[in-house]
Amino acid sequence: MQCIRKPRKTEQEDERLREATDKEVRANLSRLGFINDDDLNAMLKGSNLQKIKSSTWMKPRFYKLLEDCRTVWYDSQKLLKSARTQIFSIDDIQELRPGHQSEGMQKFAMDIPAACCFTIVFKGTKKNLDLVASDAKEANHWIDGLNKLKKRDSKMSKRERLDQWFQIYLQKADVNKDNKMSLDEVKQFLRMMNIEVDDAYAKELFVKCDKSMDGKIQGKEIEEFYKLVTEREEITTIFEAYCDKNHFLTVDKLTDFLRKEQRENVNQEYAAQLIQKYELNEEARFDSIMTKDGFMSYLMSPAADIFNQEHNKVYHDMTKPLNQYFISSSHNTYLTKDQLEGPSSVEAYISALNKGCRCVELDCWDGRDGEPVIYHGYTFTTKILFKDVIQTVKQYAFKASPYPVILSLENHCSIEQQVVMAQHMKSILGDMLLTSTIDGKVPTNFPSPQQLKGKILVKGKRLNRLEAPQDADMGDEVSDEDEAAEQDSEDEQKEVKKSGKIKLAKELSDLVIYCKSVHFNGFEDAAQNQVFYEMSSFVESKFNKLTQETAKPFIELNTRQLSRIYPAGLRTDSSNYNPVDMWNAGCPIVALNFQTPGQEMDINQGRFLDNGFAGYNLKPKYLREKKAGFDSKNIQKGSWLNKKKLHVMVISAQQLPKSNRLKLKSVVDPLVVVEVFGVSEDCDSKETEHISNNGFSPMWNTTFQFDVSVPELAFVRFVVQDYDMSSKNDFIGQFTLPFTSLKLGYRHIHLLTESGDHLPSASLFVHIMIE
């Protein structure tokens, strides 16, 4: 059979396509406000950049900003990879680092001029991209250009994102670049937007817009098509229930809606401000009225977010003693994957600190050339230098939060290298490092997070107590506990001295002020013989055993001292436990594997989203007061009991992404799971039916009811999944928040990825009511 070769496009057709593409680029640059920008123009032309992976792997790759001004394409030269793996979006980028500011650059590129080097750090688990430009000018084009696009992106409203999203897919669907759309192109466009429609519906939409009846839609017809596709029936219904006969919301009508539906005690001045902020039509703004488009913009804005925007700032009392707070804490912070073979990296510390973590772990061992290293002892995890971690902590400790950072040391080093550890912390951290009590006197209680702002504390063994005379002989041995001695069966292979003693350098011991690690010998011993700054670490299984019947003794311990919980050694895959039980027992430091996404980290992120992402949340009063009588295992009457009925109506979702890269051609079948976590009787989970073949605008209108008895300890998690009949549902997005941060009425939930980053346009629309 003879192959029939397709005829090549004519030169005129090629030229027309080039002109159309140039016009598309100019339109996108104009829309973004970068019409004559040198940086973006250079990126659109593309650059040959060197990609660095190791000291022997440095290869040229061609990088180019695509016409949509949202996507970077690169030539990977891997024939087996699909085209999709050769692109990344502006949304994927966490930050740009110029020079030698990544672990890879510092290892492999220190002999290359820093001005030519830059690193693209991605969100989630995607590896850093270390790149070298031919000169500083080219490097700056990429650094400045990508930063401009990121900044512009961060300022866009949800409505602008919807418009942009629509325009990008419209351009992609217009295959022959004639600024017209045929019926086939409309079908392709709908599939791209995650909607699977039958031919009859697609044709009905098309015919409705094709006023000229020439088999193509263009100009005003495409605008009509946009309005039909993006129409939100549910919002139209709400709007029409409150608008006047002219289909506008006056200040009076909007105030009425805010008070009745949103349960907000606001005045007309506030409603007028909303109109000025969110109304799109200039004439309507001038007349202080809101159109349906303006109402939609308001409902998609932070003002109508499910998370109380007042909780985006620090509003808890930050002057209480340190142990009266829940503290965002990480376990084996240095690991990026599993506990046995995974790589250790300073990037893991950067990631945790940027997520607001305030207690990081350093597992310290003797290294070569007298330099201590950090890794998971007696495993195949890689090693990183202790001093590199301290340098990283100095740089990133207070970027996300100004409140104190605790370095939890697990010390396995010789006396000599312990001295080096102390020297590194003092010389690198300088005044940041807390080396004495805050007033120079023997303390009787913890200082507050407010008093410790900008300070780094060391948690570890200490040779003596703070109140011991300076010249007293304290020896050089301490008992060996922490994780090395406290682990459960899997980890008992870790080396523990038969005597139960380890040598400790005075230089390191003296840096431990408010967080002295001691062995736990029972609640009675702790109450009678321990001082407030002495603290113990508990593996999760030991915590569960100690709180099996009652949590009261643990709660009382935590009213006096700090305690730390950490994952079992059996969790070699770096999985996590649910932290809620530990928080319910008042445990301040509940350490999780930050590198492992999932329900547990979602709850952790939800807790510390509250109080302005400070990493410190004040515990409820009944978890701070001695003899308060609260027991999370046996809920009795008390100030904590405040029974509520939570009504959640899951109305609709918008612009859900495709859940699985292996199923790119398929359209999602979304369903929503609503979960409540808290004391055991409050835990519950309910889910909607799945909607077939619609990720763009699925609608459920399904109502759930939950009984919540201790609201101060409860969390609500919304999860969107892609239904799969034959296997586990695929994750699409989620959002978790404290019950006490819920806003009432009609609210949008802006979804997060598995790793906790924002999904650019995806949202849920719900109605919340609490009785």
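Provided above is the structure to which this section pertains.
Residues numbered from 1 in each chain as written. Predicted model: local features only at pLDDT ≥ 70, side-chain atom pairs only at ≥ 80, totals over all residues. Heavy atoms only, no water.

A. Seen up close, the overall build of the chain. Scanning the chain for helices and strands turns up 23 helices and 28 strands. Across the 771 residues of the chain, 54% fall into the buried class. Counting only contacts in the chain whose residues sit at least 6 apart along the sequence, the fraction spanning at least 24 positions is 67%. (Helix = DSSP H or I, 4+ residues; strand = E, 2+ residues; numbered from the N terminus. Buried < 20%, exposed > 50% of the residue type's maximum accessible area, 1.4 Å probe, protein only. Contact = heavy atoms within 4.5 Å.)

B. Broad picture of the nonpolar core. Ranked by size, the top nonpolar core spans 71 residues in total, and within it L362, L407 and M425 carry the most contacts. Each residue touching L362, except ones within four places of it in the same chain, is listed here: Y349, I374, F386, V389, I390, L407, S408, L409 and E410. F706, F739, I749 and V766 belong to the second-largest nonpolar core, a separate cluster that totals 32 residues. (Core = buried A, V, L, I, M, F, W, Y, C linked by side-chain atoms within 4.5 Å.)

C. Fine view of the sheet that holds strand β5 (residues 93-98). Reading across the sheet, the seven strands line up as β4-β3-β2-β1-β7-β6-β5 and stay open at both edges, with antiparallel pairing between neighbours. Two strands bound the open sheet, and with one partner strand each, they are β4 (87-89) and β5. Pairs of neighbouring strands in the sheet enclose a mean axial angle of 30 degrees, with direction left out of account. Of the strands in this sheet, β1 (47-52), β2 (58-65), β3 (71-74), β5 and β6 (117-122) touch helix α4 (residues 136-154), which is tilted by about 150 degrees from β5. (Pairing = 2+ DSSP bridges. Axes fitted to C-alpha atoms, helices over the stretch in contact; angles between N-to-C directions.)

D. Up close: unusual backbone geometry. A positive phi angle is found at D369, which is not glycine, with a value near 55 degrees. With respect to the helices and strands, D369 occurs in the loop between β9 (359-365) and β10 (373-374). A relative accessible area of 79% places D369 in the exposed class.

E. Looking closely at the packing of helix α2 (residues 38-45) against α4. At their nearest, the axes of α2 and α4 sit 8 Å apart, and the two run at 110 degrees to each other. Taken together, the axes of α2 and α4 are roughly perpendicular relative to one another. Contacts between α2 and α4 pair D38, D39, L40, A42 and M43 from the former with N140, H141, W142, D144, G145, L146, K148 and L149 from the latter. In terms of residue class, the contact of α2 with α4 is made up of six nonpolar, three polar and four charged. (Parallel < 35°, antiparallel > 145°, perpendicular 65-115°, else oblique. Nonpolar A, V, L, I, M, F, W, Y, C, P; charged D, E, K, R; others polar.)

F. View of a positive patch on the surface. Among the surface-exposed residues, K53, K59, K127 and K337 lie close enough to one another that they form a single positively charged patch. Checked against the element boundaries, K59 lands in strand β2. (Patch = residues over 30% accessible without salt bridge, like charges linked within 9 Å, V, L, I, M, F, W, Y side chains within 5 Å. Areas by Shrake-Rupley, 256 points an atom, 1.4 Å probe, with all protein chains shown as cover. Salt bridge = Lys/Arg side-chain N within 4 Å of Asp/Glu carboxyl O. Lys, Arg positive; Asp, Glu negative; His and termini not counted. Charge placed at Lys NZ, Arg CZ, Asp CG, Glu CD.)

G. Here's a closer look at the packing of aromatic side chains. Taken as a whole and assessed by the stated rule, the structure comprises 26 aromatic pairs. Relative to F257, the ring of Y242 has its centre 5.4 Å away and its plane inclined at 80 degrees; by these criteria the two rings are edge-to-face. Of this pair, Y242 sits in helix α9 (residues 233-242) while F257 sits in helix α10 (residues 251-260), and the two are 15 residues apart along the sequence. Given a relative accessible area of 12%, Y242 falls into the buried group. Ring plane angle 90 degrees and centroid distance 5.3 Å describe the contact between W365 and Y378, whose orientation is recorded as edge-to-face. Linking W365 in strand β9 with Y378 in the loop between β10 and β11 (384-385), this pair joins segments that are 13 residues apart in sequence. Note on Y378: relative accessible area 44%, which makes it partly exposed. Its end group placed over the ring of F122, K126 keeps NZ or CZ at 4.9 Å from the ring centre. Positioned above the aromatic ring of W583 is the side chain of R607, whose terminal nitrogen or guanidinium carbon lies 4.4 Å from the ring centre. (Phe/Tyr/Trp six-rings, centres within 6.5 Å; stacked < 30°, edge-to-face > 60°. Lys NZ or Arg CZ within 6 Å of the ring centre and 35° of its normal.)

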